[in-house]
Amino acid sequence: MYNNYNRKLDERAKELRREMTPQERKLWYRFLRYYPVKIYKQRIIDSFIVDFYCASAKLVIELDGSQHYEEQGLAYDAERTAILESYGLKVIRYSNYDIDRNFEAVCSQIDMIIKERTHDQL
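Right, let's walk through the structure included here. Values in this document were obtained by computation on a predicted structure and should not be read as measured data.

For the structure on display, the rule yields two aromatic pairs. The cationic tip of K38 hangs over the ring face of Y40; the distance from NZ or CZ to the ring centre is 5.0 Å. The aromatic ring of Y40 is capped on one face by R43, whose charged end is 3.9 Å from the ring centroid.

If you want it as structure tokens, here you go:
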């Protein structure tokens, strides 16, 4: 499905699963972990490790800290998103602030997008 799976990232992905940020931990344990469609955390796609991935919805969920809003972070994220979208994936991003302050709205939006992309087969 994806080209150039980088096995060298396996250990880093495992490390990131063990050491989630507080916002990743909140989204995972309070919503995504128990979602009726399988969602993976810290999944390798191509040469990237995405925060969360729902294969059945072809959805990547990214949580962004402050470094993502600096010039270099914005450019990297735009390139990365373009590559992921070339595989037919939808990439959605939320700031850590969104998770901290608008958690229910974030969860509702993720739920709506997954349902749309899986054609309500939940």
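We note that Q42 has phi near 50 degrees; this positive angle belongs to a residue other than glycine. You will see that K58, though not glycine, has its phi angle at about 50 degrees, which is positive. Here K58 shows up in the loop between β2 (48–54) and β3 (59–64).

Among the structural elements, Q23 can be located in helix α2 (residues 22–30). Judged by its relative accessible area of 12%, Q23 is buried. Residues in contact with Q23, not counting those within four places in the same chain, are L63, N96, I99 and D100.

This next bit is on the sheet that holds β3. Here four strands make up an open sheet; going across it, the order is β1-β2-β3-β4 and the pairing mixed. Of all strands in the sheet, those with a lone pairing partner are β1 (40–45) and β4 (90–95), marking the two edges. Averaged over all neighbouring strand pairs, the angle between strand axes comes to 45 degrees, with direction disregarded. In terms of strand pairing, β3 meets β4 through six bridges, oriented parallel. Note on β4: the bridge partner recorded for I61 is I92.

With that out of the way, let us pick up the pairing of β3. The side chains of a regular strand alternate, first on one face of the sheet and then on the other. A large share of β3 lies buried, amounting to six of its six residues. Two successive antiparallel strands, β2 and β3, enclose a turn made up of four residues, where K58 displays a positive phi of approximately 50 degrees.

We now examine the environment of K38. As for its position among the elements, K38 is in the loop between α2 and β1. On a C-alpha basis, the gap between K38 and A57 in space is 9.7 Å, while along the polypeptide they are 19 residues apart. When near neighbours in sequence (up to four residues on either side) are disregarded, K38 contacts Y53, C54 and A55.

Counting residues in each nonpolar core, the largest one holds 23 residues, and the members touching the most others are L27, L32, I61 and I110. Of all the secondary-structure elements, those providing two or more residues to this core are α2, β2, β3, β4 and α5 (103–117). If you tally residues by element for this core, the top one is α5, at six residues. With residues up to four places along the chain from it excluded, the contact list for I110 reads L27, F31, L32, I61, I92 and Y94.

Note on placement: E62 falls in strand β3. Owing to a relative accessible area of 2%, E62 belongs among the buried residues under this scheme. Here the side chain of E62 touches D51 through a polar contact of 2.6 Å, landing on its backbone nitrogen. Apart from the residues lying within four places of it in its own chain, the contact partners of E62 are V50, D51, F52, R80, V91, I92, R93 and Y94.

Calculation rules
Residues numbered from 1 in each chain as written. Predicted model: local features only at pLDDT ≥ 70, side-chain atom pairs only at ≥ 80, totals over all residues. Heavy atoms only, no water. Phe/Tyr/Trp six-rings, centres within 6.5 Å; stacked < 30°, edge-to-face > 60°. Lys NZ or Arg CZ within 6 Å of the ring centre and 35° of its normal. Helix = DSSP H or I, 4+ residues; strand = E, 2+ residues; numbered from the N terminus. Buried < 20%, exposed > 50% of the residue type's maximum accessible area, 1.4 Å probe, protein only. Contact = heavy atoms within 4.5 Å. Pairing = 2+ DSSP bridges. Axes fitted to C-alpha atoms, helices over the stretch in contact; angles between N-to-C directions. Core = buried A, V, L, I, M, F, W, Y, C linked by side-chain atoms within 4.5 Å. Polar contact = N/O pair within 3.5 Å; in protein donor to acceptor, adjacent residues only side chain to side chain.

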